[in-house]
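Chain and residue survey
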Amino acid sequence: MSSTDFALAVEDLTVSFDGFKAIDDLNLYIDKNELRVVIGPNGAGKTTLLDLICGKTRASAGSIKFKDEEIIGLAEHQRVRKGIGRKFQTPSIYENLSVFQNLEVSYPSGRSVFGALAFRCTAAVRAKVDEVAADIGLADKLDTEAGLLSHGQKQWLEIGMLLMQDPELLMLDEPIAGMSARERDLTAELLNRICQNRAVIVIEHDMDFVKKIAHKVTVMHQGKILAEGPMDKVQADPKVIDVYLGH
Ligand code: ADP
Ligand code: MG
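In short, a report on the structure.

**Thoughts on the site of ligand 1**
Ligand 1 sits among F17, F20, A22, P41, N42, G43, A44, G45, K46, T47 and T48. One of the backbone N or O atoms of G43 is found 2.8 Å from an oxygen atom in ligand 1. In the environment of ligand 1, an oxygen atom lies 2.5 Å from a nitrogen or oxygen atom belonging to the side chain of T48. For ligand 1, whose accessible area on its own is 560 Å², the fraction buried by protein is 57%. Among the secondary structure elements, those contributing two or more residues to the shell around ligand 1 are strand 2 (20-31) and helix 1 (46-54). Ranked by the residues each element gives to the shell around ligand 1, the list is headed by helix 1, at 3 residues.

Following this line, the structure appears as C-alpha cells:
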C-alpha cells in the first residue's frame, strides 16, 4: 500500500522533552473514513501524539504525511487549513453567543479563492450550519445561548465548530469525559455519523464506549505502540492486559 491510500501516515516520529522521549520512533497509519481509537495508560504519550499531528508541539524527528503530503514543517494554523481539526479536552465555545452564532463564526473564510474576497455567502453558511447542527444533534437548539447548554451539548457544539471547517482528519481527546450515560451513547452515534466522510482519531479510556465506535484500536505505552488491531484482538492481548486493561 502506498502512503497515498492513507489519510494520515506517521513514520519514525519522535519527540524528546529534555531527553525524555514522550513519543519514541512511532509509526501510525490511518485510512480515509477510518475511526481509530487510541488507548493506553496515563503518560503513554496519547495527547502528545495529537499535539504533534496538529502542530502544537514540534517533532524532534520523523515524518507526518497528511493525504501524502509532508506537514511536519507546517505551523498549526496551516495544518488547520489543510483540513486537520483538533478538539482539546476543555471546550472553547463562546458562552454568550447562540448555538447558531458559534457555528457561524467557525465557517472558514480564507480557505478558498472565494473566501479570500472576504465575502460570505449567507445562504451557503446557513445551509452548512443546518447540516452541522443536525450532525451534532443540536438542530432544535440553534437559538439557545451556548452557556445554557448541558456539558455534553457544549462538547457536541465544539465538535460542530470543527465540522464547520469540513476537516478531513478530526482528532478528539477524551470527548466523553464528564458526560452522562445518555450523552455517551449519543456521542457514540454522533462519531459513527461523522466518520463517514473523514478520518477520525479519538483518545478514550471508557472501553464500552470504545467498543461502540472503534474500527481499530491502537494501544500506546511509553511513547510506543504496544498493540494495534480490532478491539476484540487487542483486548485479548496479554501485553495489553498487563500494562493497561488489567488495572
Ligand atoms: P497521555 O495523554 O497518554 O496521558 P501525555 O502525552 O500527556 O500522555 O504525556 C506523555 C509524557 O510526556 C508524560 O510523561 C508527560 O509528563 C510528558 N510531557 C508531555 N508534554 C510535555 C511537555 N510539554 N514537556 C515535558 N514533558 C511533557
Ligand atoms: Mg492525555
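**Considering the environment of L8**
By the element assignment, L8 lies in strand 1 (residues 6-17). Note: C-alpha distance between L8 and I203 (195 residues apart in sequence) is 16 Å. Apart from the residues within four sequence positions on either side, L8 is in contact with L28, Y29, I30, I53, I64, K65, L169 and I201.

**Structural notes on the pairing of strand 1**
By the bridge criterion, 8 bridges tie strand 1 to strand 2 in an arrangement that is antiparallel. Looking at the pairing, A9 lines up with Y29 of strand 2. The hairpin formed by strand 1 and strand 2 contains 2 residues between the paired strands, and D18 there has a positive phi angle of roughly 50°. Alignment of strand 1 against strand 4 (residues 61-66), held across 5 bridges, turns out to be antiparallel. Directly across from T14, in strand 4, lies its bridge partner A61.

**Brief notes about the nonpolar core**
Among the nonpolar cores identified, the biggest contains 48 residues, and L103, L157 and L191 are the most heavily contacted of them. For this core, the element with the most residues is helix 5 (residues 151-163), which contributes 6 residues. Not counting the four nearest positions on each side in its chain, L157 is found in contact with I93, V99, N102, L103, I136, L138, A146 and L149. Judged by nonpolar contacts, the second largest core, of 28 residues, contains L13, L49, I53 and I84.

Conventions used here
- Residues numbered from 1 in each chain as written.
- Chains lettered and ligands numbered in written order.
- Predicted model: local features only at pLDDT ≥ 70, side-chain atom pairs only at ≥ 80, totals over all residues.
- Heavy atoms only, no water.
- Near = heavy atom within 4 Å.
- Polar contact = N/O pair within 3.5 Å; in protein donor to acceptor, adjacent residues only side chain to side chain.
- Areas by Shrake-Rupley, 256 points an atom, 1.4 Å probe, with all protein chains shown as cover.
- Helix = DSSP H or I, 4+ residues; strand = E, 2+ residues; numbered from the N terminus.
- Contact = heavy atoms within 4.5 Å.
- Pairing = 2+ DSSP bridges.
- Core = buried A, V, L, I, M, F, W, Y, C linked by side-chain atoms within 4.5 Å.
- Buried < 20%, exposed > 50% of the residue type's maximum accessible area, 1.4 Å probe, protein only.

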